[in-house]
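The chain contents come next:
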Amino acid sequence: MKNSYIIIAALAVAACAPKAPLGLKDVLGDKFLVGTALNEQQIRHQDPKADSIVALHFNAIVPENCMKHAELHPKEDEYNFELADKFVEYGEAAGLTMTGHCLVWHSQTGRWMFFDDKGELASPELLKQRMKDHITTVMTRYKGKLKGWDVVNEAIMEDGSYRKSLYYQILGEEFIPWAFQCAHEADPDAELYYNDYGMNLEGRRNGVVRLIRQLKERGLRIDAVGMQGHMGMDYPTVDEFRASMDAFIAEGVDVMITEWDMSANPTETQSADVGETQRLRMSMWTVAPEEREAIRQELLARLCPYSDGLPEDVSAEWNARMRAFTDLFIEYADHITRVTAWGITDATSWKNGFVVPGGTDYPLLFDREYNAKPFVNQLIEDYK
Ligand code: G3I
């Protein structure tokens, strides 16, 4: 009799105890991995509020920059794994699923890769050997620790043609199958992905479908296509994003949303190529200094008009679009294995200053005060 009173009392206490808050991973984790990119400060645990958000909301992480070619391998005979090792330590300590980003990319790659000791363009054989060395060294170091890798990033243009990168100029189309072959040989258990932005565009969609078929026809492993998901207020439409997911799934691969963010600013470009900013900066440098600032101010007023905060109506529209895409991802949960935001709070997003130097944006799931955006809270309420 006494025990039953104790049990009843314990249950009563438990019922009144404040419930642990639910995070995105609690309500969506049975559908797909819920991830975020981590920047250097976050990897080094120098952003404790970000640590708390990761612990509550995410079960997967990807390095925003520290595993890129130029960061890891600045010179042919020099590797720098310090921050990448800390990223892996972060993920292992927190039991998070980790993805490597990225092995082969036209950007952020040491130029030494593409030139021989005479300063001539590297031969195909030399570049293939260097690719194999990089991929093998990096993947071997983290073998068994990372679930998968963005093997090749952003190799297909909006019209479906190959980006005329130095990889392409030296090896032609072959650099992509070669990268996937080297990656599989380096770690046969790792998942391998092709990753790109603007995947809603029909030309790129068709180019990526061709690429998937080519890899599969050669018996090469490709587990998923990474649709980066860098969005704006008027692109992509849910339907064109859906059409691309259908096209990739029809080729027998999974889909991942790998770099999700949504600019709240007026659209200037659908590109996520950071070279856009450089080109804009260069165009500004071609004018007299006194004109430069005037141009920047004009661009800011036109393309980044919300420096003092996001108007309520724009915020409401942004949250509605983010929920519409989340509902699409949930609808495709059988084929989507991961949804990763490209950063934690608006304050540290690459979108700040992307198109116009000094521009402010509001693209991520948490605001500058580390508060969850309304659509996040509503999602947790609806799916708890
Ligand atoms: O770490 C250095 C710092 O020491 C130095 O003082 C500073 C001076 O500019 O630069 C810092 O490096 C910057 C790095 O971000 C870390 O902040 C690089 O200049 C800058 O180019 C780099 O930008 C990254 C960009 O890729 C290029 O690698 C963005 O953070 C990152 O969000 C962006 O992410 C890409 C994906 O990898 C691929 N898909 C598109 C996406 C957006 O462009």
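Structure first, text after, so check above.
Below or above, wherever it landed, is the structure these notes cover. As the structure is a prediction and not an experimental result, all values here were calculated from the model.

Reading the values: rules and limits
Residues numbered from 1 in each chain as written. Predicted model: local features only at pLDDT ≥ 70, side-chain atom pairs only at ≥ 80, totals over all residues. Heavy atoms only, no water. Buried < 20%, exposed > 50% of the residue type's maximum accessible area, 1.4 Å probe, protein only. Helix = DSSP H or I, 4+ residues; strand = E, 2+ residues; numbered from the N terminus. Right-handed = clockwise from strand over helix to strand, strands pointing away. Near = heavy atom within 4 Å. Polar contact = N/O pair within 3.5 Å; in protein donor to acceptor, adjacent residues only side chain to side chain. Areas by Shrake-Rupley, 256 points an atom, 1.4 Å probe, with all protein chains shown as cover. Nonpolar A, V, L, I, M, F, W, Y, C, P; charged D, E, K, R; others polar. Axes fitted to C-alpha atoms, helices over the stretch in contact; angles between N-to-C directions. Parallel < 35°, antiparallel > 145°, perpendicular 65-115°, else oblique. Left-handed = near helix turned anticlockwise from the far one by under 90°. Contact = heavy atoms within 4.5 Å. Expected span 1.5 Å × (residues − 1). Lys, Arg positive; Asp, Glu negative; His and termini not counted. Salt bridge = Lys/Arg side-chain N within 4 Å of Asp/Glu carboxyl O. Arc of directions from axis to C-beta.

Considering the pairing of strand β3 (residues 97-105)
Phase 1 of the analysis: Of all 9 residues in β3, 8 are buried; the element is thus mostly enclosed.
Phase 2 of the analysis: Assessed by its sense of winding, the connection that carries the chain from β3 through helix α7 (residues 124-141) to strand β4 (residues 148-153) is right-handed.

Brief notes about the site of the ligand
Phase 1 of the analysis: Surrounding the ligand, one finds 15 residues, the nearest of these being Glu64, Lys68, His101, Glu154 and Glu259.
Phase 2 of the analysis: At 2.7 Å from a nitrogen atom of the ligand is found a side-chain nitrogen or oxygen belonging to Glu259.
Phase 3 of the analysis: Note that an oxygen atom of the ligand is positioned 2.9 Å from one of the side-chain N or O atoms of Trp342.
Phase 4 of the analysis: Burial of the ligand by the protein chains amounts to 56% of its free accessible area of 800 Å².
Phase 5 of the analysis: Of the residues assigned to the shell around the ligand, the class counts are 5 nonpolar, 6 polar and 4 charged.

Here's the deal with the packing of helix α11 (residues 238-249) against helix α14 (residues 312-331)
Phase 1 of the analysis: At a minimum axis distance of 11 Å, the contact between α11 and α14 shows a crossing angle of 25°. Considering their axes alone, α11 and α14 lie roughly parallel with respect to each other. As for how α11 packs across α14, the hand of that crossing is right-handed. Across the interface between the two elements, Val238, Phe241, Arg242 and Met245 of α11 pack against Ala324, Phe325, Leu328, Phe329 and Glu331 of α14.

Topic: the environment of Ala341
Phase 1 of the analysis: By secondary structure assignment, the location of Ala341 is in strand β9 (residues 336-341).
Phase 2 of the analysis: Residue classification places Ala341 among the buried positions, given a relative accessible area of 4%.
Phase 3 of the analysis: Ignoring any residue separated from it by four or fewer positions in sequence, one finds Ala341 in contact with Gly35, Thr36, Ala37, Trp260, Leu364 and Leu365.

Here we look at α14
Phase 1 of the analysis: Compared with an ideal rise of 1.5 Å per residue, which puts 20 residues at 28 Å, α14 spans 28 Å between its outermost C-alpha atoms and is within 8% of the ideal.
Phase 2 of the analysis: Every buried residue of α14 is listed here: Val314, Ser315, Trp318, Asn319, Arg321, Met322, Arg323, Phe325, Thr326, Leu328, Phe329 and Ile330.
Phase 3 of the analysis: Buried residues along α14 sit in contact with α2 (24-28), β7 (230-231), α11, β8 (254-262), β9 and α15 (374-383).

Observations concerning the side chain of Lys68
Phase 1 of the analysis: Along the polypeptide, Lys68 turns up in the loop between β2 (60-63) and α5 (69-72).
Phase 2 of the analysis: No salt bridge is formed by the buried Lys68. Its closest oppositely charged neighbour is Glu64, at 6.5 Å.
Phase 3 of the analysis: From its side chain, Lys68 meets the backbone oxygen of Glu64 in a polar contact 3.0 Å long.
Phase 4 of the analysis: Beyond its immediate sequence surroundings of up to four residues, Lys68 is in contact with His101, Cys102, Trp105 and Gln108.

Points about the environment of Phe354
Phase 1 of the analysis: Following the sequence through the fold, Phe354 ends up in the loop between β9 and α15.
Phase 2 of the analysis: Separated by 82 residues in sequence, Phe354 and Ala272 place their C-alpha atoms 8.7 Å apart.

Some remarks on helix α6 (residues 82-94)
Phase 1 of the analysis: In this model α6 runs 19 Å from its N-terminal to its C-terminal C-alpha over 13 residues, within 8% of the 18 Å that 1.5 Å per residue would give.
Phase 2 of the analysis: Within α6, burial applies to Leu83, Ala84, Phe87, Val88, Tyr90 and Gly91. Burial along α6 is one-sided: seen end-on, the buried residues are contained in an arc of 155°.
Phase 3 of the analysis: Among the structural elements, β1 (33-38), α3 (40-43), α4 (48-57), β2, α5 and β3 are those in contact with the buried residues of α6.
Phase 4 of the analysis: Two residues or fewer after α6 comes Gly95, characterised by a positive phi angle close to 65°.

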